[in-house]
Amino acid sequence: MSTEMKGPPPGLGAEWQQVLAIFSEEAEELLSSMEETLIALEARPDDEHLRALFRLAHNLKGSGSSLGFQSLTDYVHGAEDLIQALLDQRLTVGEPWVSLLLSSVDHLRELTRAALAGVDQLGPVHRAQLARLLEGGATGKSSDTSPPPTVVVPFENVPLRSEARVAARGRSLRMDVERLDRIVTLAAELSIARGRMTQFLMEAEASGASWDEALTQQREMDPLFQELQEEVMRVRMVPVGPLFRQHLRTVRDLARAQGKLALLELEGEDVTLDTAVLEALRDPLLHLLRNALDHGIETPAERQAAGKEACGLLRLRAVHEAGGVVVELSDDGRGIQRERVRERARERGLVASPERLRDEEVDRLIFEPGFSTARTVTELSGRGVGMDVVRRDVEAMRGTVAVRTQEGHGTTMTLRLPLTLAVIQGFAMGVGDQVYVVPIELVQECLELPASQRTGEEAGMLALRGQPLPYLRLRSVFGLGGAAPGRENVVVLRHPDGIVGLAVDHLQGEGQRVIRPLGRLFQDAPGISGSTILGDGRVGLILDTSTLVRRAIRRAAETPESPFTEAALIPGADARAPSASRASEP
């Protein structure tokens, strides 16, 4: 079965690529829906799921046939025969047939990509699989009853697949017609308002118009600008459901590859995120799922011995919270074995006395680069490149990651993410003639730096309501030079490990900031994550607070006399340091 593609049909010409792009997107949606339906069918076999599966396959066959993809059409026809046999109850729905159909979905993806590239033919593996489908559909049984081999793709290949997926999709988004109409209407209203303002300015001098009239017109335009910006931002918001549902298949296949049983439950599929955040979430989420299956979920025998169901449960949940989105992945597995973590920390020299660490400090060690509790290296884990990548990628989105665990009962990973990477509500602060911005949700309060602490040192320690407050002086961190003013302020930020302060010259307050990427020259600058254009046209720098804190901790380890130590970040630790007074409003 081989077909040489002869190019676009007569009359289409340049439109042929658009037709192929539409087919590519439609085929991926149909194949993803087939995967989800097969997973649901295995968990709850019924005719409704089978009929839905048959419709999806039939739609794919019709689309492929209309474009002349004969090999793809023949393969889907074989899958239809097997699904019909299941509908007719000549075959019983079970794991072997579901696995056969799931691997057929993988083949259909390969055939679709090949057909789009101009090669419409079946390879030896495809022909062998098609023979099994046709045999099962025709006779109601198969001479080869063994399930198809499960292929576990090494994680190193996943970023390439993600990039290919983005490229194939052409980074397109679907938009409601009503929303598009609203954007067009707002643009028209803004055009009218701009014309009125232009005419006013041209006639102002001659007519003797006052600034009050100019401000009135400007205030009339402001709501239009704000509403247009909000509508455009909503266009980029997409639900997390499609990304979450992709992992139903991932969990099933990875669990079976390890001789385990696991079911993934989804909550909050209608929660929306900026498409850029959603794309950046793919890799961390896959890391967390693989980690939960390898380290958390036990084998059926181990679970039954512990009084649990043989099938492990993972729950993936999303919810809007405090102007952002919280994504939680929880499992009912063995939890983090803290004694094993302490043992590994001692072996690697991460801490001098791991037995003195509190439970939450032990849990945070799993995010250290190269850290792994696995005794052997497998395709899923053991190399220590999982959880630190999760933290790095999440923090690159201005998010945080936290862990909560109970040994023997399971673990919950919590990711707190911004709604968008394009705009933030930021708090601006000045050092010399430079302005720095941090996300407003990280700001806890602002304090005046005591006179006794105005030493010019890079790091220091304050007492905030009886608790230690380590702080960094941004003037020293970024080597700005110059003399500090007579009064300095400390902006107190919430950090996953506690609280930390940033000493600055003056406070400028809250405002919406449009994020701009850094130029190549500054992309690797430590402590800086982006830039923004200020109201006066100057450039402000957005701080990467997590990097700044870790940088200070590393320096403290190298310089024992530094007051900024890892112990200082522990909430509730005893501290003898100058007390800070609350700063007045900027």
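Residues numbered from 1 in each chain as written. Predicted model: local features only at pLDDT ≥ 70, side-chain atom pairs only at ≥ 80, totals over all residues. Heavy atoms only, no water.

With that settled, consider the sheet that holds strand 9 (residues 410-418). Spatially, the five strands line up as an open sheet ordered 4-6-7-9-8, and their pairing is mixed. Two strands close off the open sheet at either side, each with one partner strand: strand 4 (262-267) and strand 8 (400-406). The mean inter-strand angle of the sheet, taken between neighbouring strand axes irrespective of direction, is 15°. The strands touched by helix 9 (residues 241-257) are strand 4, strand 6 (312-321) and strand 7 (324-331); relative to strand 4, the strand with the most contacts, the crossing angle is about 165°. (Pairing = 2+ DSSP bridges. Helix = DSSP H or I, 4+ residues; strand = E, 2+ residues; numbered from the N terminus. Axes fitted to C-alpha atoms, helices over the stretch in contact; angles between N-to-C directions. Contact = heavy atoms within 4.5 Å.)

Next up on the list: the nonpolar core. Nonpolar side chains in soluble globular proteins generally cluster together in the buried interior. Membership of the largest hydrophobic core comes to 85 residues, with the highest contact counts inside it found for Leu-101, Leu-314, Val-327 and Leu-417. Here this core gets 10 residues from one element, more than from any other, and that element is helix 1 (residues 15-43). Ignoring anything within four residues of it in the chain, the contact list for Val-327 reads Phe-244, Leu-281, Leu-316, Arg-317, Ala-318, Met-413, Thr-414, Leu-415 and Leu-417. (Core = buried A, V, L, I, M, F, W, Y, C linked by side-chain atoms within 4.5 Å. Buried < 20%, exposed > 50% of the residue type's maximum accessible area, 1.4 Å probe, protein only.)

For the rest of this paragraph, the subject is the packing of helix 3 (residues 70-87) against helix 5 (residues 124-139). Taken N-terminus to C-terminus, the directions of helix 3 and helix 5 make an angle of 30°; their axes are 7 Å apart at the nearest point. On the basis of their axis angle, the class for helix 3 and helix 5 is roughly parallel. Along this stretch, helix 3 crosses helix 5, giving a crossing that reads as left-handed. Two secondary-structure elements touch here, helix 3 through Asp-74, Tyr-75, Gly-78, Ala-79, Asp-81, Leu-82 and Ala-85 and helix 5 through His-126, Gln-129, Leu-130, Leu-133, Leu-134, Gly-136 and Gly-137. When its residues are assigned to classes, the contact of helix 3 with helix 5 shows seven nonpolar, five polar and two charged. (Parallel < 35°, antiparallel > 145°, perpendicular 65-115°, else oblique. Left-handed = near helix turned anticlockwise from the far one by under 90°. Nonpolar A, V, L, I, M, F, W, Y, C, P; charged D, E, K, R; others polar.)

Bringing the side chain of Lys-61 into the picture now. For Lys-61, the position within the fold is in helix 2 (residues 47-66). Its relative accessible area of 16% is what places Lys-61 among the buried residues. Discounting residues that sit within four places of it in the chain, Lys-61 has contacts with Thr-73, Val-76, His-77 and Glu-80.

Look at helix 9 against helix 10 (residues 275-296): their axes get within 11 Å of each other, and the N-to-C directions meet at 25°. Taken as axis vectors, helix 9 and helix 10 run roughly parallel relative to one another. Regarding helix 9 and helix 10, the two cross each other, and that crossing is right-handed. The residues of helix 10 that touch helix 9, namely those facing Leu-243, Phe-244, Gln-246, His-247, Thr-250, Val-251, Leu-254 and Ala-255, are Leu-278, Leu-281, Arg-282, Leu-285, Leu-286, Leu-289, Arg-290 and Leu-293. A per-class count over the contact of helix 9 with helix 10 returns 11 nonpolar, three polar and two charged.

Moving on, we get to the pattern of salt bridges. All chains considered together, the criterion is met by 37 salt bridges. Between Asp-253 and Arg-249 there is a salt bridge; the shortest N-O distance is 2.5 Å. Taken together, the positions of Asp-253 and Arg-249, both in helix 9 and four residues apart, correspond to about one turn of that helix. Neither Asp-253 nor Arg-249 differs from the other in exposure class; each is buried. The shortest N-O distance in the salt bridge between Asp-393 and Arg-392 comes to 3.2 Å. Of the residues examined, Asp-393 reaches a relative accessible area of 18% and is grouped as buried. Judged by relative accessible area, which is 54%, Arg-392 ranks as exposed. Sharing partners across several salt bridges, the network here consists of Glu-28, Glu-35, Glu-42, Glu-95, Asp-106, Arg-109, Arg-249, Arg-252, Asp-253 and Arg-256. (Salt bridge = Lys/Arg side-chain N within 4 Å of Asp/Glu carboxyl O.)

Taken in spatial order, the five strands close into a barrel running 10-11-19-18-17, and their pairing is mixed. The sheet shows a mean angle of 50° between the axes of neighbouring strands, direction not considered. In the sheet, strand 10 (residues 423-431) pairs with strand 17 (residues 506-516) via eight bridges, with the strands oriented antiparallel. Within strand 17, the residue paired with Gln-425 across the bridge is Gln-512.

As a general rule, the predicted coordinates of low-pLDDT regions are not to be interpreted in detail. Per-residue confidence for the protein gives a mean pLDDT of 79, with 80% of residues at or over 70. Summarising per-element confidence for the protein, the mean pLDDT is lowest in helix 6 (residues 158-169) (35) and highest in helix 11 (residues 300-305) (93). Note on residues 567-577: pLDDT under 50 across the span, and 26 contacts to partners over four residues away in sequence or across chains. (pLDDT = per-residue confidence, 0-100.)

As a further point, take the pairing of strand 10. Counting buried positions along strand 10 gives eight out of nine residues, so the element sits mostly inside the fold. Here strand 10 pairs with strand 11 (residues 434-439) via six bridges, running antiparallel. Across the sheet, Gly-430 pairs through a bridge with Val-435, a residue of strand 11. Following strand 10, the chain reverses through two residues before pairing antiparallel with strand 11; Gly-432 in that reversal takes a positive phi of roughly 60°.

Let us now look at the side chain of Thr-414. Among the structural elements, Thr-414 can be located in strand 9. If sequence neighbours within four positions are ignored, Thr-414 has contacts with Val-326, Val-327, Glu-328, Thr-400, Val-401, Ala-402 and Arg-404.

Let us now look at the pairing of strand 18 (residues 528-533). A regular strand carries its side chains on alternate faces of the sheet. With two bridges connecting them, strand 17 and strand 18 associate as antiparallel partners. Within the sheet, the bridge partner assigned to Arg-516 lies in strand 18 and is Ser-531. Inspection of the sheet shows strand 18 paired to strand 19 (residues 539-543) by five bridges, in the antiparallel sense. Looking at the pairing, Gly-530 lines up with Ile-542 of strand 19. Two successive antiparallel strands, strand 18 and strand 19, enclose a turn made up of five residues, where Gly-537 displays a positive phi of approximately 95°.

What follows is about the environment of Gly-118. On the secondary structure map, Gly-118 appears in the loop between helix 4 (95-116) and strand 2 (119-121). Take Gly-118: its relative accessible area is 29%, and that puts it in the partly exposed class.

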